[in-house]
Amino acid sequence: MAAQIIDGKKIAQLVRADIAQKVKSLKEKGINPCLAVILVGENPASVSYVTGKRKALAEAGMTDRSEILSESTTEAELLSLIEKLNADKSVHGILVQLPLPAHINEDKVIMAISPEKDVDGFHPVNVGNMVIGRDGFLPCTPHGILVLLQKMNIETNGKNAVVIGRSNIVGKPVSILLARKETNCTVTICHTGTKNLEQFTKNADIVVVASGRPHTLTAQMVKDGAVVIDVGVNRIPDATKKSGFRLIGDADFDEIKEKASFITPVPGGVGPMTIAMLIENTLKAAENQCGA
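Residues numbered from 1 in each chain as written. Predicted model: local features only at pLDDT ≥ 70, side-chain atom pairs only at ≥ 80, totals over all residues. Heavy atoms only, no water.

**Student:** Any chance you could break down the overall build of the protein for me, citing the residues and the numbers?
**Tutor:** Counting secondary structure elements, the protein contains 10 helices and 12 strands. Computed over its C-alpha atoms, the radius of gyration of the protein comes to 19 Å, within 12% of the 19 Å expected for a compact globule of 292 residues. Seen along its three principal axes, the alpha-carbon backbone of the protein occupies a region of about 55 × 40 × 35 Å. Sequence-distant contacts in the protein: of pairs separated by 6 or more residues, those separated by 24 or more amount to 70%. (Helix = DSSP H or I, 4+ residues; strand = E, 2+ residues; numbered from the N terminus. Rg over C-alpha atoms; globule rule 2.2 N^0.38 Å. Contact = heavy atoms within 4.5 Å.)

Okay, here's the thing in structure tokens:
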């Protein structure tokens, strides 16, 4: 029996429609939720992501204070802009699109953003709050994965979950969120140092693959009825496409969908949820800062 495809696009639209209603209510109270997205340089993938985020802001009725900076922007100039936005009470959220040019220290930039405006959920204060279960901003992609599981009524209680990848953006935080009491999975983190990856994935009820490498997860590596969440976005050459490439995930979608119970496609799975959660965090930031 073929897997049920998890339509992240559709679920994200529902989440965003709900947020738009809440934004409308806030605006009636004189609060205009505002996000500043900062893009440094012209990395094509980053430009595409920022365009998507700005479109979602407009749809939600939020104020867009985006700053598009040249590749030659210095670290000091970027930090100065962040300081200015931190102090600006009309700006509720700040997001610096990663990766940054090599001459700018990413850690310094993340640390410079006020935790109250860190809608990416990358600041150590928000990461710490997530680890100990206190309220704060959850990182958007891991949070989006949890919402997908909830909206699809996928049982997580007591399930074995394997996370492939240990990045600070996806792998580590999603493993923490899956292990939380309310989700209640038993979690194994696998990575480039893992010997015999298949022995772990074969026993998993839920596999989250975020390795950044195509074909990391194949059909023979998953058990019948497993839930597969594919976070990967890989560009591979395709002469039939106008762009000259197509997007695939880290999992062999066509093969695995014949064995899994649920699977996310790429594109249209986890990606749209990341932006929806960013908009939700911006709403939350506005509510928190304005005491709404």
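**Student:** I'd like a rundown of the packing of helix α6 (residues 140-151) against helix α7 (residues 171-179), residues and numbers included.
**Tutor:** Where α6 contacts α7, the two axes come as close as 9 Å, and the packing angle between them is 40 degrees. Considering the angle they form, α6 stands oblique to α7. The handedness of the crossing between α6 and α7 comes out as right-handed. Note on element contacts: α7 touches α6 through P173, V174, L177 and L178, opposite P142, H143, I145, L146 and L149. Looking at side-chain class alone, the contact of α6 with α7 contains eight nonpolar, one polar and no charged residues. (Axes fitted to C-alpha atoms, helices over the stretch in contact; angles between N-to-C directions. Parallel < 35°, antiparallel > 145°, perpendicular 65-115°, else oblique. Left-handed = near helix turned anticlockwise from the far one by under 90°. Nonpolar A, V, L, I, M, F, W, Y, C, P; charged D, E, K, R; others polar.)

**Student:** Residue-level account of the pattern of salt bridges, with values.
**Tutor:** Evaluation of the coordinates by the stated rule reveals 10 salt bridges. Here D88 ties to R65 by a salt bridge, and the two come within 2.9 Å at their closest N and O atoms. Of this pair, D88 sits in the loop between α3 (75-87) and β5 (93-96) while R65 is found in the loop between β3 (63-64) and β4 (67-69), placing the two residues 23 residues apart along the sequence. Since its relative accessible area comes to 29%, R65 is described here as partly exposed. As a salt-bridge pair, K223 and D205 come within 2.7 Å of each other at their nearest N and O atoms. With K223 in the loop between β8 (206-209) and β9 (227-230) and D205 in the loop between α8 (197-201) and β8, the pair connects residues that are 18 residues apart, well separated along the chain. Overall, K223 belongs to the partly exposed group, its relative accessible area being 29%. (Salt bridge = Lys/Arg side-chain N within 4 Å of Asp/Glu carboxyl O. Buried < 20%, exposed > 50% of the residue type's maximum accessible area, 1.4 Å probe, protein only.)

**Student:** So what's going on with the side chain of D120? Which residues, and what values?
**Tutor:** Summarising the element assignment, D120 is placed in the loop between α4 (106-112) and α5 (124-132). Excluding its chain neighbours within four sequence positions, the residues that come into contact with D120 are L95, V96, L138, P139 and C140.

**Student:** Residues and numbers for a nonpolar patch on the surface, please.
**Tutor:** A cluster of nonpolar residues, V127, V131 and I132, forms a patch on the protein surface that exposes about 270 Å² of accessible area. Along the chain, V131 turns up in helix α5. (Patch = residues over 30% accessible without salt bridge, like charges linked within 9 Å, V, L, I, M, F, W, Y side chains within 5 Å. Areas by Shrake-Rupley, 256 points an atom, 1.4 Å probe, with all protein chains shown as cover.)

**Student:** Requested: an account of helix α10 (residues 270-290), with residues and values cited.
**Tutor:** With 21 residues, α10 should cover 30 Å at 1.5 Å per step; its first-to-last C-alpha distance of 31 Å lies within 8% of that length. G291 lies just past α10 and shows a positive phi near 65 degrees. (Expected span 1.5 Å × (residues − 1).)

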